[in-house]
Amino acid sequence: MSYTDAFFYFFAALTVGSALVVTFSRSVIYAAFALLFTFLGVAGLYVLLQADFLAVAQIMVYVGGILILLLFGVMLTTRVTNAEITTGTVQGLPATVVVGILLGTLILLVSRATWNVQESLPDVTGTTTEIGERLLTTFLLPFEIAGILLLVAIMGAAMIARSTDKTKEAA
Amino acid sequence: MPDIIFQSTKHFWPEITLALTFIAAMIFEFATKKRTTGTGILVLLGLAAALVQLPSAPSEPVSIFGGMYAIDPFSTFFKYVIIVTGMVVVLFSFQSQELKKESGHTGEYYCFIAAVTFGMVLMTGSSNLVMIYLSIELVSITSYILAGFSKSLRRSSEAALKYVIFGALSSGIMLYGMSLIFGLTGTLDLSGIRTALASGHAVTTGWSFAALMAAIVLMLAGFGYKVSVVPFHFWTPDVYEGAPITITAFLAVASKAAVFAVMIRFFYVAFFDNMLASTGVYSSFRNVDWSMILAVLSVLTMTLGNFVAIWQDNLKRMLAYSSIAHAGYMLMGVVVMSNFGLSAIMLYFVMYFFMNLGAFYVVMVIADKIGSENIDDYRGFGKRAPIISVGLSIFLISLTGLPPTAGFVGKLFLFSSVMASQFIWLAIVGVLNSVVSLYYYARVLKNMYLREAPDGDESPIVFSKVTSAVVILFIIPNILLCFFYQPVLTFAQRSIAILLPGL
Amino acid sequence: MIESYIPIFLILAVAVVFGVVSANMSWLLGPQRPNRAKNSTYESGMEPVRTAHDRFSVKYYMVAVLFILFDIEVVFMYPWAVQYRNLGLYGFVEMVVFIGILLVGFVYVIKKGALQWD
């Protein structure tokens, strides 16, 4: 086992382990903090795949942004009716069976299928230049559409936040 | 590269117009004060501007932006349906009392309609998995906001929340399916996937084949969610009931059209071999029996939709289940995957546009008048509001698929295309389902005509002239298209050309 | 390839060690003579008796959402900036279109007063 493998198993364990905490933790706050480690683990896996730009973007956007948003979300909503927000489960048995079957099938397929793999990684010092090139040529259309999508999100966020204020005034 | 971009933009003007409409409406929204109808008119003009550019689309399929997007008669047909639906919804919204309660916010509402129309139009032409995902997300996120637009209504917020949660799950599942496809074929481009599968570049036997099947089932979950195919339909009744009724109508017609377009393109381009095009029936690679999977989904969808609709007391909710059932009917056309089936789906969408928008319009104006969507409150309406009641009756008969209405022709072609491809049992299930649907549609008619208003009130309910005129405007095509469907059919048949690699 | 990450792992290790060490050093080295007044929570001279869970203003949420959106914008801009010379004028125009789209959103947010804290 080379040290790359060691890193891989470390990050994989970090990702899966913290994801399990996210799923099974009954406290939303704990789940949100566990998610931090899931994101970090995924970023680590990106690094091992030599996707350095993606790894940094993952940390910037998910750890630095989305996670903060999630925590704000939790803080906005806790104790609304003097009840701790916890997650409960219903229909545990059927859900476990269905998810178990799905998981088993996917593991079987993913491990047995012949994947279209590159024999060796391209010899690049960093992916950023390549991403920059592709983003503005081949992937120009999705890139600009992403701009429109962000614009919709900005507008929606502004609308939601403002109307909440209005109801507060009315109350 | 600049040349490709210039070449591409030349064909991309309708989409650019829509995007500009959205941005212009947004600027208008913050630059002017309290001119909400103005934003609506601006959006309406923008949609019209995009619409008039559609006829000049090239008649031969063109691939633009390096294979990201396809301009072909097939997508153009759906763009007509989507943009016209968008315009009709804007016009409905001018009249909706429900939206007036959100005074000061309606400007944003129109902006979002422009954005969602843009997204749906993009869906029809997306020929790369990245574009498919992005356009579906653009439509989804905008729809979440629109579904929860009536902030003062609790059920509207509930609808938006349920929509978001189910939507996030299904889009995650779909992304996973896409990643499996990418892993197996090494490309995100639909025609690239086709080439990889056909050339044997990607392994399509044994476990890899099973993985490919699984990937496509996962993709189907994503598409199925958006068109509310059973078992991914759970969100539909609550969202349709909670969302502003104009948005419900929009989701029921345009959103379904867009997803059907992208779903057909996905299956057709990536997995179907057109070697047998002479017979008009496409064979799939490796003789995968897609049709069976889709046929089962289709049967489940229409049966569940129709049977649950029977128990509904809220007309809006009933129409939601009816739209689930209709998704099932239309799925039959995808099952057969023949030229006949495709043109039948397209014809059906035109009919569906008239009958469904008509029905939702009547529900809207009645809800604005009496403040209820409950079927029991429709008692005695036949006498009290004759034009509206006749209109609703015709739309519901059309939805059932009985002559002499447009819905009959739509179902006739759909069922014939299924029978032509030897799926006799599927056609029979479809017909039986239509019979079931008659039961709950007729219940509304019974309440309107055969039962007295609870308090014996027979005073006429007066609707404005505009309302009556709109209802009549919708009645005319619902009847006329039963007899003079030929132009629409010809147009649909001419529009089945989908961009394929090497074309 | 992985070797180029050694500095990052080093800095990570240093950060963790520094954090752990400095947090525990004062406990190790400093004198410990606790009394009631010292142990009480200090909050501007007021007794903090409320629950720590409190509802935050939705404004924070708004700021967080906008932060993410413009964060993503910057993530997109970075690879373009790296490739700026090769992409030339067309890359520039394309980027201006992208930034222009988001600029409309920014002006919108300001005009609508979503960032006003009142």
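These numbers come from a predicted model, not from an experiment.

Caption draft 1: Inspection of the environment of B:Ala406 at higher detail. Residue and element names in this part refer to chain B. Within the element layout of this structure, Ala406 appears in helix H18 (residues 406–420). Distance in space between the C-alpha atoms of Ala406 and Leu481 is 5.0 Å, their sequence separation being 75 residues. When sequence neighbours within four positions are dropped, the list of residues in contact with Ala406 reads Met351, Phe354, Met355, Ser398, Pro477, Asn478, Leu481 and Cys482.

Caption draft 2: Region of interest: the interface of chain A and chain C. Facing the 40 residues of chain A at the interface are 41 residues of chain C. Broken down by secondary-structure element, the contributors of at least two residues to the side of chain A that touches chain C are helix H3 (52–77), helix H5 (128–135) and helix H6 (140–170) of chain A. For the side of chain A that touches chain C, the per-class residue count stands at 25 nonpolar, 11 polar and four charged.

Caption draft 3: Layout of the interface of chain B and chain A. The partner chain A presents 25 residues to the 33 residues of chain B that form the contact. Contributions of two or more residues to the side of chain B that touches chain A are made by helix H2 (13–31), helix H6 (106–125), helix H7 (129–147), helix H8 (154–185) and helix H10 (206–226) of chain B. No other element matches H7(B), which puts eight residues into the side of chain B that touches chain A. Broken down by class, the residue content of the side of chain B that touches chain A amounts to 23 nonpolar, seven polar and three charged.

Caption draft 4: Structural view of the nonpolar core. In terms of nonpolar packing, the biggest core is built from 233 residues, with A:Ile154 and B:Ala258 touching the most fellow members. Beyond its immediate stretch of four places on either side in the chain, A:Ile154 contacts C:Leu66, C:Leu69, C:Gly105, C:Tyr108 and C:Val109.

Caption draft 5: Fine view of the packing of helix H13 (residues 290–309) of chain B against helix H14 (residues 315–336) of chain B. Residues and elements named next belong to chain B. The contact between H13 and H14 brings their axes to 7 Å, and the two run at 160°. Looking at the two axes, H13 sits roughly antiparallel to H14. Like other packed secondary-structure pairs, H13 and H14 cross with a definite hand, here left-handed. Of the residues that constitute the contact of H13 with H14, the class distribution is 18 nonpolar, seven polar and no charged.

How each quantity is defined
Residues numbered from 1 in each chain as written. Chains lettered and ligands numbered in written order. Predicted model: local features only at pLDDT ≥ 70, side-chain atom pairs only at ≥ 80, totals over all residues. Helix = DSSP H or I, 4+ residues; strand = E, 2+ residues; numbered from the N terminus. Contact = placed C-beta atoms within 7 Å. Nonpolar A, V, L, I, M, F, W, Y, C, P; charged D, E, K, R; others polar. Core = buried A, V, L, I, M, F, W, Y, C linked by C-beta atoms within 7 Å. Buried ≥ 20, exposed ≤ 12 C-beta atoms within 10 Å, placed from the backbone. Axes fitted to C-alpha atoms, helices over the stretch in contact; angles between N-to-C directions. Parallel < 35°, antiparallel > 145°, perpendicular 65-115°, else oblique. Left-handed = near helix turned anticlockwise from the far one by under 90°.

Remember, this is a structural readout, not a statement about activity or role.
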